[in-house]
Amino acid sequence: MVAELYDRVFQEMVHYLLSMTHSRPEAEDIVQETFLRALANAHLFEEMSANQGKAWLYRTAKNLFIDQCRRKGRERPEVLGEGYAEDDTTEPYVHQMLMYLPEEDRAIFYLRHFDGLNATQIGEQLGMPAATVRYRLAKCRALLREQCETQRSE
């Protein structure tokens, strides 16, 4: 089960942690440590569904990131916010959904909704008109909405 999850979600988890660490090597290190812990607890995965195993991996990765922040003496990341709960799987779900977007559109979506930039600022960074940014964001939202509806009906 752990090997299956590794094949399915390794890159997805790297992207998720990259959004928090802003460092690919750091994100990959945390993901590797997460899977090492999963291997050490492989017996737990025998009784879990694939979704439960995935949630365990994301929760472990998030906890490892928090531990790393504490060790470095940084404040807790604002991504956790006030409403953070230990079993909150909203953020991993959002990052999982974003994997359905094309890579360039995903970058636009991150800049708008995670970094808080407006269409003009994003356009300046990416060298495209603000109208194009707004159009692509609307396309992203429609695609994500469609994907959510598909997953609900399954």
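Everything numeric in this text was worked out from a predicted model, so none of it was measured.

> Looking at this structure, how should I read the overall build of the chain?
A tally of regular secondary structure across the chain gives eight helices and zero strands. Beginning at the N terminus, the succession of helices and strands in the chain can be written as α-α-α-α-α-α-α-α. In the chain, which comprises 154 residues, the share counted as buried stands at 38%. Put simply, 57% of the contacts in the chain that link residues at least 6 apart link residues at least 24 apart. For the chain, the accessible surface area stands at approximately 9,300 Å², while carbon and sulfur atoms represent 48% of it.

> Whenever I open this one, the pattern of salt bridges confuses me. Can you help?
It is possible for side chains of opposite charge to pair when their charged atoms get near one another. Per the stated rule, a full pass over the model turns up four salt bridges. Note that R24 is salt-bridged to E28, the shortest N-O span being 3.2 Å. Taken together, the positions of R24 and E28, both in helix α2 (residues 24-40) and four residues apart, correspond to about one turn of that helix. Residue R37 is joined to E33 by a salt bridge in which the shortest nitrogen-to-oxygen separation is 3.2 Å. Remark: E33 and R37 occur in helix α2; sequence separation between them is four residues, near one turn of the helix. For R37, a relative accessible area of 37% corresponds to the partly exposed category. For E33, a relative accessible area of 31% puts it in the partly exposed group.

> Hey, could you run me through α2 in this one?
Note that an α-helix has 3.6 residues per turn; residues three or four places apart therefore point the same way. When the terminal C-alpha atoms of α2 are compared, their 24 Å separation across 17 residues agrees well with the 24 Å that a helix rising 1.5 Å per residue should span. Where α2 is concerned, the buried positions are E26, A27, I30, V31, T34, F35 and A38. Structurally, α2 contributes buried residues whose contacts are with α1 (2-21), α3 (42-45) and α4 (50-71).

> Whenever I open this one, the packing of helix α6 (residues 103-113) against helix α7 (residues 119-126) confuses me. Can you help?
The axes of two packed helices give the description: the angle between them and the distance between them. The geometry of α6 relative to α7 is characterised by a closest axis approach of 10 Å and an angle of 135 degrees between their N-to-C directions. By the angle class used here, α6 and α7 are oblique. Of the two elements, α6 crosses α7, and the hand of that crossing is right-handed. Every residue of α7 that contacts α6 at I108, L111 and R112 is listed here: I122, Q125 and L126. Partitioned by chemical class, the residues of the contact of α6 with α7 number four nonpolar, one polar and one charged.

> Looking at this structure, I do not really get the packing of aromatic side chains. What am I missing?
We describe a pair of aromatic rings using the distance from one ring centre to the other and the angle between the two ring planes. Counting across every chain of the model gives five aromatic pairs. Taken together, a centroid distance of 4.9 Å and an interplanar angle of 40 degrees make the contact between Y6 and F10 tilted. Taken as a pair, Y6 and F10 lie in helix α1 at a separation of four residues, close to a single helical turn. According to the relative accessible area criterion, F10 is buried, its value standing at 13%. The interplanar angle of 80 degrees and the centroid separation of 5.0 Å between the aromatic rings of Y6 and F35 together place this pair among those described as edge-to-face. On the criterion of sequence distance, the pair formed by Y6 in helix α1 and F35 in helix α2 is long-range, its members being 29 residues apart.

> Even after reading the chapter, I still don't get the nonpolar core, so can you show me in this structure?
Taken as a class, soluble globular proteins show a tendency for nonpolar side chains to be buried jointly. Residues M13, L17, V31, F35, F45 and L57 are the most contacted members of the largest nonpolar core, which totals 23 residues. For this core, the secondary-structure elements that each account for two or more residues are α1, α2 and α4. The greatest single-element share of this core, amounting to nine residues, is contributed by α1. For L57, the residues in contact, after removing those within four places along its chain, are L5, V9, M13, T34, F35, A38 and F45.

Definitions and cut-offs
- Residues numbered from 1 in each chain as written.
- Predicted model: local features only at pLDDT ≥ 70, side-chain atom pairs only at ≥ 80, totals over all residues.
- Heavy atoms only, no water.
- Helix = DSSP H or I, 4+ residues; strand = E, 2+ residues; numbered from the N terminus.
- Buried < 20%, exposed > 50% of the residue type's maximum accessible area, 1.4 Å probe, protein only.
- Contact = heavy atoms within 4.5 Å.
- Areas by Shrake-Rupley, 256 points an atom, 1.4 Å probe, with all protein chains shown as cover.
- Salt bridge = Lys/Arg side-chain N within 4 Å of Asp/Glu carboxyl O.
- Expected span 1.5 Å × (residues − 1).
- Axes fitted to C-alpha atoms, helices over the stretch in contact; angles between N-to-C directions.
- Parallel < 35°, antiparallel > 145°, perpendicular 65-115°, else oblique.
- Left-handed = near helix turned anticlockwise from the far one by under 90°.
- Nonpolar A, V, L, I, M, F, W, Y, C, P; charged D, E, K, R; others polar.
- Phe/Tyr/Trp six-rings, centres within 6.5 Å; stacked < 30°, edge-to-face > 60°.
- Core = buried A, V, L, I, M, F, W, Y, C linked by side-chain atoms within 4.5 Å.

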